[in-house]
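Analysis of the macromolecular model
These are the residues of each chain, in order.
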Amino acid sequence: MDSYQLYKECPQCGEENIQKLDINSWFCLDCDWDNLSTISNDNDELVSSLLHGDIHSRRIAAQSLINIGDAERHIATQADTQTLINALDDEDSDVRYFVAVALGKLEATLSLAKLKDIAQNDNSALVRQGASTAIEQIEEGFQKKLISG
Ligand SMILES: [Zn+2]
């Protein structure tokens, strides 16, 4: 019997922009919902393995960065933006995708130029989609900051 859950829409916001990482790991691109277990609370360790780990640990690090948008599990800061931008050059498309999503959730305005380049030119359709979504989130966050002063 299947013990895992399949999601067609987000249980929190009801949107269909829900992404599957593996058989039992899901997250929503439109809000902060996910059912991922937090992999590491150690930000330095995470950032280090994102840059220097083997392909498996880079993917795990990049996946756990998606929790950035969740205030209660806030593990990266604006100070990590440059590191994340560098990780957008990773040779692995899964890593680039997760990092793009993370930058969107972080509303990292510094990454906009690079994300726009990736949204146009990355050879992975998934990465282009992730970058496009991130750009929208960053630009929306920027508008809100302008309005609220
Ligand atoms: Zn949602």
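In case you missed it, the structure is sitting above this.
This report concerns the structure included in the present document. As the structure is a computational prediction, the values presented were derived from the model and not from experiment.

Another aspect to go through is the layout of surface pockets. Of the volumes computed, that of the largest pocket is approximately 260 Å³. Residue lining of the largest pocket: 14 residues in total, with L29, D30, E107, Q137 and E140 positioned closest to the centre. Every element with two or more residues in the lining of the largest pocket is listed here: helix 4 (93–105) and helix 6 (125–148). For the lining of the largest pocket, the element with the most residues is helix 6, which contributes five residues. When we break the lining of the largest pocket down by domain, the ones giving at least three residues each are domain 1 (1–35) and domain 2 (38–148).

As for its placement among the helices and strands, H56 is situated in helix 2 (residues 55–64). Judged by relative accessible area, H56 falls into the exposed class, the value being 54%.

On to the nonpolar core, then. Ranked by internal contacts, the top residues of the largest apolar core, which has 31 residues, are L50, V99 and L115. Of all the elements in the fold, those that place two or more residues in this core are helix 1 (43–52), helix 2, helix 3 (81–87), helix 4, helix 5 (112–121) and helix 6. With eight residues, the single largest contributor to this core is helix 4. Looking at which domains feed residues into this core, each of domain 1 (1–35) and domain 2 (38–148) supplies at least three. Setting aside residues no more than four positions away along its own chain, L115 makes contact with L88, A100, L103, A131, A134, I135 and I138.

Here the focus is a negative patch on the surface. On the surface, E9, E15, E16, D30, E136 and E140 cluster together into a patch of negative charge. Looking at where E9 falls in the secondary structure, it is placed in the segment before strand 1 (18–22). Residue E9 is classed as partly exposed on the basis of its relative accessible area of 43%.

All right, on to helix 6 then. An α-helix turns once per 3.6 residues; consequently, residues spaced three or four apart project the same way. Its 24 residues place the ends of helix 6 35 Å apart at the C-alpha level, agreeing with the 34 Å of an ideal helix rising 1.5 Å per residue. Taken residue by residue, helix 6 has V127, G130, A131, T133, A134, I135, Q137, I138 and G141 as its buried positions. Considering only its buried residues, helix 6 is in contact with helix 4 and helix 5.

Time to look at the coordination of the zinc ion. For the zinc ion, every protein donor is listed as C10 (SG), C13 (SG), C28 (SG) and C31 (SG), and the spread of their distances is 2.2 to 2.3 Å. Coordination at the zinc ion is tetrahedral, judged from the four donor atoms that bind it and the angles of 104 to 113° they form at the metal. Counting the intervening residues between successive donors of the zinc ion yields the motif C-x2-C-x14-C-x2-C. Judged by relative accessible area, which is 32%, C13 ranks as partly exposed.

Pairing is possible between side chains that carry opposite charge, provided their charged atoms lie close to one another. Enumeration over the complete set of coordinates arrives at seven salt bridges. E91 is the salt-bridge partner of R58, the closest N and O atoms lying 3.8 Å from each other. Of this pair, R58 sits in helix 2 while E91 sits in the loop between helix 3 and helix 4, placing them 33 residues apart in sequence. When the shortest N-O distance is used, the salt bridge between R59 and D92 registers 2.7 Å. With a gap of 33 residues between them, R59 in helix 2 and D92 in the loop between helix 3 and helix 4 connect regions that are remote in the sequence. Three or more residues are tied together by salt bridges with common partners; here these are R58, D90 and E91.

What counts and what doesn't
Residues numbered from 1 in each chain as written. Predicted model: local features only at pLDDT ≥ 70, side-chain atom pairs only at ≥ 80, totals over all residues. Heavy atoms only, no water. 1 Å grid on protein atoms, 1.4 Å probe; cavity = no way out; pocket = protein on both sides within 12 Å on 5 of 7 lines; lining within 4 Å. Points joined across faces, edges and corners; volume = space filled by probe spheres on them. Helix = DSSP H or I, 4+ residues; strand = E, 2+ residues; numbered from the N terminus. Domains from an automatic or database assignment. Buried < 20%, exposed > 50% of the residue type's maximum accessible area, 1.4 Å probe, protein only. Core = buried A, V, L, I, M, F, W, Y, C linked by side-chain atoms within 4.5 Å. Contact = heavy atoms within 4.5 Å. Patch = residues over 30% accessible without salt bridge, like charges linked within 9 Å, V, L, I, M, F, W, Y side chains within 5 Å. Areas by Shrake-Rupley, 256 points an atom, 1.4 Å probe, with all protein chains shown as cover. Salt bridge = Lys/Arg side-chain N within 4 Å of Asp/Glu carboxyl O. Lys, Arg positive; Asp, Glu negative; His and termini not counted. Charge placed at Lys NZ, Arg CZ, Asp CG, Glu CD. Expected span 1.5 Å × (residues − 1). Donors = N, O, S within 2.8 Å, 3.2 Å for Na, K, Ca; no water. Tetrahedral: all angles 85-135°; square planar, octahedral: opposite > 155°, others 65-115°.

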